[in-house]
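A structural walkthrough
Read off the chains here:
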Amino acid sequence: MTEFRIGIDLGGTKTEVILLNGDSQELFRTRIPTVRDDYPATLRDIAGLVAQAEAAAGQNHLPVGIGIPGTVSRKTGFVKNANSTWLNGKPFQKDLSAFLQRDVKVTNDANCLAVSEATDGAGRGYDLVFAGILGTGCGAGLAFKGAPIVGPNGVAGEWGHNPLSWTSEAELNARSCYCGKAGCMETFLSGTGLCRSYHVAGGEKIKGHEIVERAAQGETMAQQVLANYYDQLARGLATIINTLDPDVIVLGGGASNIAAIYTEVPKRLPKYVFGGECDTPLVAAIHGDSSGVRGAAWLNPL
């Protein structure tokens, strides 16, 4: 009998379910709009998606893993740091396990990216995988031998809310962050941060892919902003390498689609990595936007 597993990606705007078999093949997938500010409805919607996946599998009581935009506190069992704020302060894992009458695995959505890419993606075959997200924000997750590393505070691997290394104090202070501090890596390295850099340099407010297009067309300001971005990204990743020295770095999120990252950043890394050399592979996530929901499914080992 084929082993099935269910993954749920609980996002701010959509909630997605996937059904995988033991060979990583996708057998069923669907998504619904995320109901906001209604915790009981969130539990009901997830249960409904699980029921649909089980109907597709023709089996009941399948293992379920869920990725959320936050983390479960080991100390309290409550969700914290979720930008889906109606989850914060709630015993989500306990409540959902009771609702579905099984042990549900819950972790941060960036950890799901790391697990997915470590299992059957760009990080397959590596022991320690660091997965960074260069999207609206700048999250990250870690996986060791396919399992997420969470840590006692639930923030293992999170780099976005540390200051960008080797940056002037004036430049750091000029980058306010929603977390209440200034100079966070997220304000430089996220796709939003790249757009912000272009605007600060004197350009209008445009999207990241437009900056790349303008640079390709020869616009000097766009080219300089991108060159600065590659250097900033190298500094941010060097901090991770100097601390963890992962076997591979996998990047996801919209800005990770900038092809030049994978040639330009490795050139700059030895300048910032302690010892003056760096052999860490830097690769793009294979599963793209599907990594979160696929990784959630892989939270339950067969």
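So, a few notes on the structure that sits alongside this text.

Parameters at a glance
Residues numbered from 1 in each chain as written. Predicted model: local features only at pLDDT ≥ 70, side-chain atom pairs only at ≥ 80, totals over all residues. Heavy atoms only, no water. Phe/Tyr/Trp six-rings, centres within 6.5 Å; stacked < 30°, edge-to-face > 60°. Lys NZ or Arg CZ within 6 Å of the ring centre and 35° of its normal. Axes fitted to C-alpha atoms, helices over the stretch in contact; angles between N-to-C directions. Helix = DSSP H or I, 4+ residues; strand = E, 2+ residues; numbered from the N terminus. Parallel < 35°, antiparallel > 145°, perpendicular 65-115°, else oblique. Left-handed = near helix turned anticlockwise from the far one by under 90°. Contact = heavy atoms within 4.5 Å. Buried < 20%, exposed > 50% of the residue type's maximum accessible area, 1.4 Å probe, protein only. Arc of directions from axis to C-beta.

**So, the packing of aromatic side chains**
- Summed over all chains, the structure comprises four aromatic pairs.
- In this structure, K90 packs its charged tip against the face of Y39, placed 5.5 Å from the ring centre.

**Some thoughts on the packing of helix α6 (residues 191-200) against helix α8 (residues 220-244)**
- One can describe the packing of α6 onto α8 by two numbers: an axis separation of 10 Å at closest approach and a directional angle of 135°. When the axis of α6 is compared with that of α8, the two are oblique. Helix-helix and strand crossings are classified by hand; for α6 and α8 the assignment is right-handed. Contacts between α6 and α8 pair L194, S197 and Y198 from the former with M221, A222, V225, L226 and Y229 from the latter.

**Looking at the environment of N257**
- Tracing the backbone through its elements, the reader meets N257 in the loop between β11 (248-252) and α9 (261-272).
- Residues N257 and K207, 50 residues apart in the sequence, show an inter-C-alpha distance of 13 Å.

**Details of helix α2 (residues 92-100)**
- Among all positions in α2, only F92, L96, S97 and L100 are buried. All buried residues of α2 project into a common sector of 125° when viewed along the axis, lining one side. Turned more than 90 degrees from where α2 packs its buried face, K94 and A98 sit exposed.
- Check the buried side of α2 and you find it contacts β1 (4-10), α1 (39-57), β4 (64-68), β6 (79-80) and β7 (105-108).
- Backbone geometry just downstream of α2 places Q101 in the positive-phi region, at approximately 55°.

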